[in-house]
Amino acid sequence: MNPLHSRKINIEKIERSKYDLIIIGGGVTGAGIALDAVSRGLQVLLVEKGDFASGTSSKSTKLIHGGLRYLKQFEISLVREVGRERAIVHKLCPHLVVPEKMLLPLYEDGSFGKFATSLGLWVYDFLADVEGDDKRLMLNKEETLEQEPLLKKEKLTGGGFYAEYRTDDARLTIEIIKTARQLGADVLNYVEATSFLYNKNGQVNGIEVKDHLFDNNFKVKSDTVVSAAGPWVDELREKDGSLSKKRLFLSKGVHIVVPHERFPVKNALYFDVPDGRMIFAIPRWNVTYIGTTDTPYSGDKNRVLAKEEDVKYLMDACNSMFPEIKLEKKDLSSTWAGLRPLIYEEDKNASEMSRKDEIFKSKNGLISIAGGKLTGYRKMAERTVDVVIENLKEVHSFENFKACKTDQIPIGRKPLKNMEEVHQCKAEIANLISEHFPNAAIVADYLVANYGKEAFDIVNGFPEGQIDQWELIKAEIDFCVENEMTFLPLDFLNRRSGRLYFDLDVTGPYIDQIVAYFAEIFGWNETTLQQQKELVAQTIKDAKVFD
Ligand SMILES: Cc1cc2nc3c(=O)[nH]c(=O)nc-3n(C[C@H](O)[C@H](O)[C@H](O)COP(=O)(O)OP(=O)(O)OC[C@H]3O[C@@H](n4cnc5c(N)ncnc54)[C@H](O)[C@@H]3O)c2cc1C
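Anyway, here's the lowdown on the structure attached to this text. Quick caveat, the model's predicted, so the values are computed rather than measured. (Residues numbered from 1 in each chain as written. Predicted model: local features only at pLDDT ≥ 70, side-chain atom pairs only at ≥ 80, totals over all residues. Heavy atoms only, no water.)

Topic: the overall build of the protein chain
When its secondary structure is counted, the protein chain shows 19 helices and 18 strands. Looking at the 547 residues of the protein chain, the share that counts as buried comes to 59%. Sequence separation of 24 or more characterises 72% of the internal contacts of the protein chain that already satisfy a separation of 6 or more. Per element, the accessible surface of the protein chain, about 22900 Å² overall, is 50% carbon and sulfur. Separation of charge centres in the protein chain, based on 73 positive and 83 negative side chains, amounts to 4 Å. (Helix = DSSP H or I, 4+ residues; strand = E, 2+ residues; numbered from the N terminus. Buried < 20%, exposed > 50% of the residue type's maximum accessible area, 1.4 Å probe, protein only. Contact = heavy atoms within 4.5 Å. Areas by Shrake-Rupley, 256 points an atom, 1.4 Å probe, with all protein chains shown as cover. Lys, Arg positive; Asp, Glu negative; His and termini not counted. Charge placed at Lys NZ, Arg CZ, Asp CG, Glu CD.)

This is how it looks when you write it as structure tokens:
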């Protein structure tokens, strides 16, 4: 059956339903709230105006981190909370939240002195309950250069290794959404909340939506509505007539992507920039990505682009810390840019503003959550659902809502239990595909890092005969369409597979085939096919602003 038919049937059911909670926004915050709420027994609907994670939640630095820099700003409770959350999210989803040592090179005139760093990293480990081999390790100059021979040698005094976790923000969001769906949440992408519905007491009791795939409007009823719309939170507060006092401050963050052979760092690094800020360089398969900037933003929220000056800033920062690499624009393979939805604080610049989250409740009952970090999504969800439940207690006669238990719910439909299982899964997949791919271990690593144990479903879907890159892409698309509400080529290229940013050299030659394959699956006419081709071409052009 064309997947759009089952979507239609699903929407008809949703229109007839009444929910305890509607969530607006399918980024990591909305996803976390959906999972928390459905696991506490609430009837939940989540609507996302674009694809899941198409806002900030696919454009971060992709770290589940304790936020070392917040220690510098003395945000102790934030460091403690996100630090502890890292370990929980790793346990719940080990294939997607992977421990990674971060190297902090230290210089005579740098942000951190050697003694202060040693002490700071000790405090950081203590706050985040870091144990065993993961505890900080201080290195002397020679040991630091052994790790990273390309670092600037002048004034280098040593380095510090500390524990972080790397992730894929979009995949994490999608896996959380899949888990919520499995527990009974209704979820729709490409459905935008356009206005609120109110009861006779002026309390919000539903939303009117526009379905961008079927070009259709409908209404849905609910006792509570949460806006987890990230950078769009204030727009929805305005629609509710409740945009007052605290507001969002949008800060743009840009990353650049370079082939790993052009910037061959062995470790993830967090290093000084001449203007006093710090940025990351993170190796990932065939690339190294570098970010981020932190500048005020007031342009189009739906199309955030890196500018020449952002790219230059990041390249200069790399060239200053790694003088031998001499990065030039022609070396870059892509860029991405996202918006931090921060809570505005007077007299502070973008870098200094707190990353804390905040919940606003309007007099009409609309609950909005903004700020925060990818890393803290689970705790943000818990706090939001606590507020939702307080609201529901006013309208429901019963009070038997369950307590939050998301720290016990593995993420994903076929969760792997620990790193040992992740490694075993990669080895088994590599073995299964070894006759098709000379670099089977790398392909297996990619498949399991993205799809976890469900990589087996992709590999088992291979047709008879020799499998090449195109057959692999097709099997991935089939899986994503069937299991991950994937409707458009960019859903696949960007949020499901990450191929657009991290493997464009290999995927690029297949773009036309990919779009044509979607046309075949969904039965598009020539106009839609051309529109989608142009959209993909435009997105690739946007990612290559430096060309
Ligand atoms: C450059 C950068 C680097 C970062 N790095 C890290 C990091 O390494 N680690 C970390 O922990 N955090 C990091 N963050 C922060 C983190 O990415 C964000 O806090 C998080 O992704 C925000 O998620 P969200 O769900 O609140 O917002 P979003 O992901 O933006 O989701 C909101 C969603 O709401 C949808 N929406 C809006 N209006 C409507 C409507 N009317 N109807 C339906 N849907 C609607 C949007 O389409 C969007 O998908 C970074 C942020 C940036 C910008």
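Quick notes on the nonpolar core
With 119 residues, the main nonpolar core has Ile33, Leu42, Ile429, Leu447, Tyr451 and Phe492 as its most contacted residues. Once residues lying within four places of it in the same chain are set aside, the contact partners of Leu447 are Ile429, Gly452, Ala455, Val459, Leu472 and Glu476. If you look at the next biggest cluster of nonpolar residues, it comprises 62 residues, including Phe196, Val304, Leu314 and Phe322. (Core = buried A, V, L, I, M, F, W, Y, C linked by side-chain atoms within 4.5 Å.)

Topic: empty space enclosed by the protein
Which parts of space are left empty comes out when a probe the size of a water molecule is rolled across the atoms. Across all of its chains, the model carries five cavities of 30 Å³ or more by this definition. In this structure, the largest cavity occupies an estimated 70 Å³ of space. The residue inventory of the lining of the largest cavity, partitioned by class, reads seven nonpolar, three polar and five charged. Volume-wise, the second largest cavity comes out at about 60 Å³. Taken together, Ser58, Lys62, Asp168, Asp169, Ala170, Asn494, Arg495, Gly498, Tyr501 and Phe502 make up the full set of residues lining the second largest cavity. Listed by contribution, the elements that provide at least two residues to the lining of the second largest cavity are α7 (169–182), α15 (489–496) and α16 (499–502). Split by residue class, the lining of the second largest cavity holds three nonpolar, three polar and four charged. (1 Å grid on protein atoms, 1.4 Å probe; cavity = no way out; pocket = protein on both sides within 12 Å on 5 of 7 lines; lining within 4 Å. Points joined across faces, edges and corners; volume = space filled by probe spheres on them. Nonpolar A, V, L, I, M, F, W, Y, C, P; charged D, E, K, R; others polar.)

A few points about the packing of aromatic side chains
Using the criterion set out here, one finds 17 aromatic pairs in the structure. Each ring, one from Phe271 and one from Phe322, has its centre 5.4 Å from the other, and the planes form 90°; the classification is edge-to-face. In this pair, Phe271 sits in strand β12 (residues 268–272) while Phe322 sits in the loop between α9 (308–321) and β16 (334–343), placing the two residues 51 residues apart along the sequence. Accessibility assignment for this pair places Phe271 and Phe322 in one class, buried. Judged by centre distance (5.3 Å) and plane angle (55°), the rings of Tyr289 and Trp336 are tilted. (Phe/Tyr/Trp six-rings, centres within 6.5 Å; stacked < 30°, edge-to-face > 60°.)

A few points about the pairing of strand β10 (residues 216–227)
Pairing geometry for strand β1 (residues 18–24) and β10, over six bridges, is parallel. Within β10, the position partnered with Leu21 by the bridge is Thr224. For strand β9 (residues 204–211) and β10, the ladder comprises six bridges, and the chain directions are antiparallel. Paired with Ile207 across the strands is Val220, a residue of β10. Between β9 and β10, which follow one another and run antiparallel, lie four residues, and Asp215 among them has a positive phi close to 50°. Alignment of β10 against strand β18 (residues 367–371), held across two bridges, turns out to be parallel. When the sheet's bridge partners are listed, Val226 is paired in β18 with Ile367. (Pairing = 2+ DSSP bridges.)

Structural notes on the site of the ligand
Around the ligand, 38 residues are found, and the nearest of them are Thr29, Glu48, Ser57, Leu63 and Thr375. Note that an oxygen atom of the ligand is positioned 2.7 Å from one of the side-chain N or O atoms of Thr29. Residue Lys49 places a main-chain N or O atom 3.0 Å away from a nitrogen atom belonging to the ligand. Counting residues per element, the ones that place at least two in the shell around the ligand are α2 (28–39), β2 (44–48), β8 (191–198), β11 (248–259) and β16. Grouping the constituent residues of the shell around the ligand by class yields 13 nonpolar, 18 polar and seven charged. (Near = heavy atom within 4 Å. Polar contact = N/O pair within 3.5 Å; in protein donor to acceptor, adjacent residues only side chain to side chain.)

So, unusual backbone geometry
Excluding glycine, residues mostly carry a negative phi; peptide bonds, for their part, are mostly trans. Gly291 connects to Thr292 through a cis peptide bond whose omega is 20°. Mapped onto the elements, Thr292 comes out in the loop between β14 (287–291) and β15 (295–296). Backbone geometry at Lys155 places phi at a positive 65°, although glycine is not the residue there. One can find Lys155 in the loop between α6 (141–147) and β6 (156–166). Even without a glycine there, the phi angle at Trp285 is positive, about 45°.

Details of the environment of Ile207
Along the polypeptide, Ile207 turns up in strand β9. It is 5.8 Å that separates the C-alpha atoms of Ile207 and Lys219, two residues lying 12 residues apart in sequence.

Regarding the state of the cysteines
All told, the structure shown has zero disulfides when counted by the stated rule. Not engaged in a disulfide, the cysteine Cys93 finds its nearest cysteine sulfur in Cys425; these two sulfurs lie 12 Å apart. Judged by its relative accessible area of 1%, Cys93 is buried. Summary of cysteine pairing: Cys404 is not part of a disulfide, and the nearest cysteine sulfur, belonging to Cys93, is at 17 Å. (Disulfide = S-S within 2.5 Å.)

A short note on the environment of Gln469
The topology assignment puts Gln469 in helix α14 (residues 469–483). C-alpha of Gln469 to C-alpha of Leu374: the two residues are 95 residues apart in sequence and 32 Å apart in space. In this structure, Gln469 is in contact with Phe437, Arg499, Val506 and Tyr510, ignoring residues within four places of it in sequence.

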